[in-house]
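Now for the letters of each chain:
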Amino acid sequence: FKKLRSSEIKHGRLAMMATIGFITPFYAKLPGYLSPSKDIKFEDIPVGITAISKVPAAGWVQILLFAAVCEFGLGPSIQEWKEGQPGDYGRGALGRVGPHKD
């Protein structure tokens, strides 16, 4: 049960990040170039689903690598469901503050 709960929390966090990534371009875009070699600026990328065909292949590789790191972690230490509470990595808020104590 703890492993399933941990997976549910992890995938929920990824879904929230994906939702923010989908909504944010409707309100603001980064300045500069998405791909300087192909002369593509961030503001040239349309919003929504139409952006899928405009992002270069190297960009998709970076997105998929980031998703893999979020899913599998950088090391074997992300198996909190074996020792502690599901979803508690012991690193605190954003990994900058100590663990939360109730």
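Our structure's up above, just so we're on the same page.
Residues numbered from 1 in each chain as written. Predicted model: local features only at pLDDT ≥ 70, side-chain atom pairs only at ≥ 80, totals over all residues. Heavy atoms only, no water.

S.K.: Would you mind going over the overall build of the protein chain in detail, with residue names and values included?
M.R.: For the protein chain, the helix and strand inventory stands at three helices and two strands. Counting helices and strands in the order they occur from the N terminus, the protein chain gives α-β-β-α-α. Within the span of the protein chain, comprising 102 residues, buried residues form 11% of the whole. Taking all contacts inside the protein chain whose residues are at least 6 apart in sequence as the whole, residues at least 24 apart take part in 36%. (Helix = DSSP H or I, 4+ residues; strand = E, 2+ residues; numbered from the N terminus. Buried < 20%, exposed > 50% of the residue type's maximum accessible area, 1.4 Å probe, protein only. Contact = heavy atoms within 4.5 Å.)

S.K.: Give me a nonpolar patch on the surface: which residues, what numbers.
M.R.: A grouping of Phe22, Ile23, Phe26, Tyr27, Val47, Ile49, Ile52, Trp60 and Ile63 is seen on the molecular surface, where their side chains present a nonpolar patch of about 920 Å² in accessible area. Looking at the nonpolar patch, the elements with two or more residues in it are helix H1 (2-23) and helix H2 (57-72). Residue placement: Ile23 occurs in helix H1. (Patch = residues over 30% accessible without salt bridge, like charges linked within 9 Å, V, L, I, M, F, W, Y side chains within 5 Å. Areas by Shrake-Rupley, 256 points an atom, 1.4 Å probe, with all protein chains shown as cover. Salt bridge = Lys/Arg side-chain N within 4 Å of Asp/Glu carboxyl O.)

S.K.: So, the layout of surface pockets: which residues are in play, and what are the values?
M.R.: The volume enclosed by the largest pocket comes to roughly 1,000 Å³. Taken together, 26 residues line the largest pocket, and the ones lying closest to its centre are Gly21, Phe22, Pro25, Val55 and Ile63. Those elements that place two or more of their residues in the lining of the largest pocket are H1 and H2. Its residues assigned to classes, the lining of the largest pocket shows 20 nonpolar, five polar and one charged. (1 Å grid on protein atoms, 1.4 Å probe; cavity = no way out; pocket = protein on both sides within 12 Å on 5 of 7 lines; lining within 4 Å. Points joined across faces, edges and corners; volume = space filled by probe spheres on them. Nonpolar A, V, L, I, M, F, W, Y, C, P; charged D, E, K, R; others polar.)

S.K.: Outline the packing of H1 against H2, listing residues and values.
M.R.: At a minimum axis separation of 10 Å, H1 and H2 run at an interaxial angle of 150 degrees. With respect to H2, the axis of H1 lies roughly antiparallel. Between H1 and H2 the crossing geometry is right-handed. Between H1 and H2, the contacting residues are Lys10, His11, Leu14 and Met17 on the first element and Phe66, Cys70 and Glu71 on the second. For the contact of H1 with H2, the per-class residue count stands at four nonpolar, one polar and two charged. (Axes fitted to C-alpha atoms, helices over the stretch in contact; angles between N-to-C directions. Parallel < 35°, antiparallel > 145°, perpendicular 65-115°, else oblique. Left-handed = near helix turned anticlockwise from the far one by under 90°.)

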